[in-house]
There are 2 protein chains.
Amino acid sequence: MRPDADLAPPAPVSLCGDAPVRLASRLGGMRSSAIRDLLAHAREPGMISFAGGLPSPDGFDVAALQRAMADTMADARHALQYGVTEGEPVLREALAAWMTRRGLRCAAGDVLVTTGSQQAIDLVARLLLDAGDVVAIERPAYLAALGVFRLAQAQVVGLPADDEGPAMAGLQALVDEGRTPRLLYLVPDFANPTGATMSLARRQALLQFAVNHRVVILEDDPYGAMRFAGEALPSIASLAAADPRAAALVIHASTLSKIVAPALRIGWLVLPPGLMPAAVIIKQCLDLHSPTVCQLAAAHYLGSGRLDDRLSVLRRLYRDRKDALREALQGHFGDLLECNDPQGGMFLWARLTGPGAIEATRWLRAALTHKVMFVPGEAFYDAGPDPASLRLSFATTPPDLMGEGARRLRAALDTATAG
Amino acid sequence: MRPDADLAPPAPVSLCGDAPVRLASRLGGMRSSAIRDLLAHAREPGMISFAGGLPSPDGFDVAALQRAMADTMADARHALQYGVTEGEPVLREALAAWMTRRGLRCAAGDVLVTTGSQQAIDLVARLLLDAGDVVAIERPAYLAALGVFRLAQAQVVGLPADDEGPAMAGLQALVDEGRTPRLLYLVPDFANPTGATMSLARRQALLQFAVNHRVVILEDDPYGAMRFAGEALPSIASLAAADPRAAALVIHASTLSKIVAPALRIGWLVLPPGLMPAAVIIKQCLDLHSPTVCQLAAAHYLGSGRLDDRLSVLRRLYRDRKDALREALQGHFGDLLECNDPQGGMFLWARLTGPGAIEATRWLRAALTHKVMFVPGEAFYDAGPDPASLRLSFATTPPDLMGEGARRLRAALDTATAG
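Residues numbered from 1 in each chain as written. Chains lettered and ligands numbered in written order. Predicted model: local features only at pLDDT ≥ 70, side-chain atom pairs only at ≥ 80, totals over all residues. Heavy atoms only, no water.

**Q** Quick rundown of the overall build of chain A? Include the residues and the values.
**A** When you go through chain A residue by residue, the secondary structure sums to 15 helices and 14 strands. Since a compact globule built from 419 residues should have a radius of gyration of about 22 Å, the 21 Å found for chain A is in line with a globular shape. Principal axes of the C-alpha set define a box for chain A whose edges measure 60 × 55 × 50 Å. The 419 residues of chain A split such that 64% are buried. In chain A, the proportion of contacts linking residues at least 24 apart, taken out of those at least 6 apart, comes to 75%. Here chain A holds 41 positive side-chain charges and 44 negative ones, and the gap between their average locations is 3 Å. (Helix = DSSP H or I, 4+ residues; strand = E, 2+ residues; numbered from the N terminus. Rg over C-alpha atoms; globule rule 2.2 N^0.38 Å. Buried < 20%, exposed > 50% of the residue type's maximum accessible area, 1.4 Å probe, protein only. Contact = heavy atoms within 4.5 Å. Lys, Arg positive; Asp, Glu negative; His and termini not counted. Charge placed at Lys NZ, Arg CZ, Asp CG, Glu CD.)

**Q** Give a detailed account of the relation of the copies chain B and chain A, specifying residues and quantitative values.
**A** Least-squares fitting of chain B to chain A yields an RMSD of 0.0 Å, with the superposition described by an axial translation of 0.0 Å and a rotation of 180°. A rotation of that kind, with that shift, is consistent with a two-fold axis. Rotation axis and chain B: the residue whose C-alpha lies nearest the axis is Ala70 of chain B, separated from it by 3.5 Å. Mapped onto chain A, 100% of the interface residues of chain B again fall at the interface, so both copies present the same surface. (Least-squares fit on C-alpha atoms with pLDDT ≥ 70 in both.)

**Q** Quick one: what's the story with helix H15 (residues 399-418) of chain B, residue by residue and with numbers?
**A** Residue and element names in this part refer to chain B. Compared with the 28 Å implied by 1.5 Å per residue over 20 residues, the 30 Å span of H15 between its first and last C-alpha is a close match. Within H15, burial applies to Met402, Gly405, Ala406, Arg408, Leu409, Ala412, Leu413 and Ala416. When H15 is viewed along its axis, its buried side chains cluster within an angular range of 165° and face the same direction. Pointing more than 90 degrees away from the buried face of H15 are the exposed residues Asp400 and Ala418. Looking at the buried side of H15, the elements it contacts are strand E1 (48-49), helix H13 (307-333), strand E11 (347-352), helix H14 (360-369), strand E12 (372-373) and strand E14 (389-393). (Expected span 1.5 Å × (residues − 1). Arc of directions from axis to C-beta.)

**Q** Hey, could you go over the pairing of strand E4 (residues 155-162) of chain B for me, with residue numbers and the actual values?
**A** Residue and element names in this part refer to chain B. Two elements, strand E3 (residues 134-139) and E4, share six bridges in a ladder whose sense is parallel. Looking at the pairing, Arg139 lines up with Pro160 of E4. A crossover links E3 with its parallel partner E4, the connecting element being helix H6 (residues 143-151), and its sense is right-handed. One ladder, built from two bridges, connects E4 with strand E5 (residues 165-166); its direction is antiparallel. (Pairing = 2+ DSSP bridges. Right-handed = clockwise from strand over helix to strand, strands pointing away.)

**Q** Give a description of the interface of chain B and chain A that names residues and reports values.
**A** In this assembly, 90 residues from chain B lie in contact with 90 residues from chain A. For the pair chain B and chain A, the summed buried area comes to about 7,600 Å², and 61% of that belongs to carbon and sulfur atoms. The interface formed by chain B and chain A holds eight salt bridges in total. Here chain B and chain A share 34 residue pairs in polar contact (both at pLDDT 80 or more) between them. Those elements giving two or more residues to the side of chain B that touches chain A turn out to be helix H2 (62-74), helix H3 (76-79), helix H5 (116-128), H6, helix H11 (276-287) and helix H12 (292-303) of chain B. With nine residues, the single largest contributor to the side of chain B that touches chain A is H11 of chain B. (Buried area = accessible area lost by both parts, 1.4 Å probe. Salt bridge = Lys/Arg side-chain N within 4 Å of Asp/Glu carboxyl O. Polar contact = N/O pair within 3.5 Å; in protein donor to acceptor, adjacent residues only side chain to side chain.)

**Q** Go over the side chain of Arg182 of chain A, please, and point to the residues and values.
**A** Tracing the backbone through its elements, the reader meets Arg182 of chain A in the loop between helix H7 (168-176) and strand E6 (183-186). Only 3.0 Å separates the side chain of Arg182 of chain A from the backbone oxygen of Leu128 of chain A, close enough to count as a polar contact. Here Arg22 of chain B takes part through its backbone oxygen, which lies 2.4 Å from a polar atom of the side chain of Arg182 of chain A. Sequence-distant contacts of Arg182 of chain A, defined by excluding residues within four places in its chain, comprise Leu128, Leu129, Asp133, Val134, Val215 and Val216 of chain A together with Arg22 and Leu23 of chain B.

**Q** How would you sum up the pairing of strand E2 (residues 111-115) of chain A? Please name residues and give values.
**A** Residues and elements named next belong to chain A. Burial of E2 is extensive: five of the five residues sit out of reach of the surface. Relative to strand E9 (residues 266-270), E2 runs antiparallel, the two being bridged by five bridges. If you follow Leu112 over to E9, its bridge partner there is Leu269.

**Q** Provide a residue-level description of H7 of chain A, including the pertinent values.
**A** All names here are of chain A. Along H7, the residues classified as buried are Leu171, Leu174 and Val175. Buried positions in H7, seen along its axis, are confined to an arc of 100° and lie on one side of it. In this structure, H7 carries Ala169 and Asp176 as exposed residues pointing more than 90 degrees from its buried face. Residues of H7 that are buried sit in contact with strand E3 (134-139), strand E4 (155-162), E6 and helix H8 (200-213). Just past H7, the residue Gly178 takes up positive phi, approximately 75°.

**Q** Give me unusual backbone geometry: which residues, what numbers.
**A** For residues that are not glycine, phi is negative in most cases, and the peptide bond is trans in most cases. With an omega dihedral of -5°, the bond running from Arg139 of chain B to Pro140 of chain B counts as a cis peptide bond. Residue position: Pro140 of chain B is located in the loop between E3 and H6. Along the chain, Asn192 of chain B connects to Pro193 of chain B via a cis peptide bond; the corresponding omega equals 20°. Its location among the elements puts Pro193 of chain B in the loop between strand E6 (183-186) and helix H8 (200-213). Unlike most non-glycine residues, Gln153 of chain A shows phi in positive territory, near 60°. Examined against the element boundaries, Gln153 of chain A turns out to sit in the loop between helix H6 (143-151) and E4. One non-glycine residue, Leu288 of chain B, lies in the positive phi region at around 65°. Its location among the elements puts Leu288 of chain B in the loop between H11 and H12.

**Q** Got a sec to walk through the pattern of salt bridges? Specific residues and values, please.
**A** Close approach of charged atoms lets side chains of opposite charge pair. Considering all chains together, one arrives at 52 salt bridges over all chains under this definition. Put simply, Asp61 of chain B and Arg310 of chain B hold a salt bridge, and the shortest N to O gap is 3.4 Å. Here the residue Asp61 of chain B occupies a position in the loop between E1 and H2, and Arg310 of chain B occupies one in helix H13, the gap between them amounting to 249 residues. Across the pair, Arg310 of chain B and Asp61 of chain B agree in class, each one buried. Arg319 of chain B is paired through a salt bridge with Asp320 of chain B; the nearest N and O atoms lie 3.2 Å apart. It is possible to trace a salt-bridge network through shared partners that takes in Arg22 of chain A together with Asp130, Asp133 and Arg182 of chain B.

And the structure:
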């Protein structure tokens, strides 16, 4: 399954039919996916892929990370040994300092290191959810979070979005139906797949809703530091910090995957007071602790003070690619393709418009023969997909290939429309 | 929580009472642990600890692992990027070759890389168990496995052991009661905590039971390669390989934590045909994939061909420490302490005998004041503990401190008995 969770829904065909033994019933809810089969073409030679969710390797701070790892391994007895479940103290300190600089004041003791933010999401699901609990997510939503909540046998409810974020009416309707969510999963900055940013007013409204109805918010922030336009908005967790009733309800998750390197699998949770003991017990059951060697290398890197400069590099790199892709699409599609203009992150969200609009999945089939790829939007919906929508990653394609990629996309659309 | 899962049961005091929000009901089954509080003394200066489950850092192949990591980081674009969920192909190949050399023929495609074998156990629980399913384990058993099965809300049933392994009568009784287990969790070689080895006949009987009643066996083998006495016995998975009906029911788990380095968190599952697709979906939900950098470093190390020599070093090191500790205990306790003689692994299992026998937990309290530690056996029981039993790790204490450690243990016993 390549290369990260947002390529396709976590569900191959005939999962249970082939299994030699009875599987847990939680796996019964996993749907098969034709899109996933299509995306297996990602590594064909000559393919221009706008499908993947990988950060650009051009953004890796290679020499500094090599040095951080060498420094880590120099203290081999520490670097190679078991560590504490909560995370290496030096990394927890560095992450707390980083979060505080980003506006969320916290101490090392509030930080639980996880094996990527994927594990952070799973850990929260195991901490809070019983089978049948309602989890409200954005619609469309990050696929691997959807996978976690399905595995937890939660009732996943997608909230339709307006320009400011998930519409409050959907949440109120759940309360009115007696289905108040246990958990509200939100990605306020540059969400995957849409690249959208929630307004400050919506963040405040969501927090107020959580307080009023005692709903826990899991705020997932993998992309927030990669803002390349507009003004930074406070995280929901930082808004909650002023009020203990609110602070007790907001869990913040983040990761070094997009700003340092995915391969280290360093994610973390900032937990409200009182949740740490139970979270540590679960973390211990999940994998005892995250790899010491990766944690120490991350701490060395953060300690080097290079991250701010690196973020400047990354923001420029991604902004240029985003601009190049939007321009190329505009040139080849004009009004045939609506395309948003995200202020950060890695993704554009687009939809075919006009009388010639076809389903994005049909377009993808033709695109593969033209050696270009994207992810149809329907992959990211819990229900009620917009079949004309699609996600385009601008992260890994060099700017000078954007034009050729857009040209192929247009040729593929013409093929599909003619066919 | 330090330093690995076998220091104490995964359960602090007042877990739910302090939590600001309602926790998942699965956490309600977690018991508090007085032993865990006692073991927080592990890092006091001058402490001789027989409590931990850490491998000896004297056994780390430091220079070779530094080289493996440097070679990994030299190919930074690969080492720092996202990887495939199943594991890096080069590592899966190396692990399949290693398992095949150990007598379990398998191919890279049968191997799923996990973040330590702890995740392997959790993954199997999520793959197979519904709440209320019966899981049979050895009694006493590996604590962090017990934690996983409790988190899965399974009914955990401990099987009393005889000299050959878990007694078959206990399993048959479960069937007779209509409580046939869904899963049988076994550690045939040098189990934690007892260091015991299952006989060949018992392995065969357990496999036959599994076939007769369609029970899945999870065979956990963290220590098997660390045999320093006696003859190697075939793994249950290798016994099953001859018969497809049996092979479909045995999942094998192992790890590099004890033979290379815990900090890499490289574990794996060898899965029967047909279970891989569902297992990959779960793995993706758990953490997308294990750290690329650790996987590639492990592959470089295995590719260096140094493991066999290293295992010779480790076996000698652990055998010498085991012998030294047993001899020291014999000298200070004579018949007051029964102590087994394991053929591998890291642990001795002992019990106080005779009219002066006290509870091991009481002994531990006195031991802490004498600057020596062990884990009372009762920590490892699902129910019906033997209060006079204890686990002593011989792995991390240098041979020349064994005498002093045993002397302190005896002094502590005298204190506790007098008190």
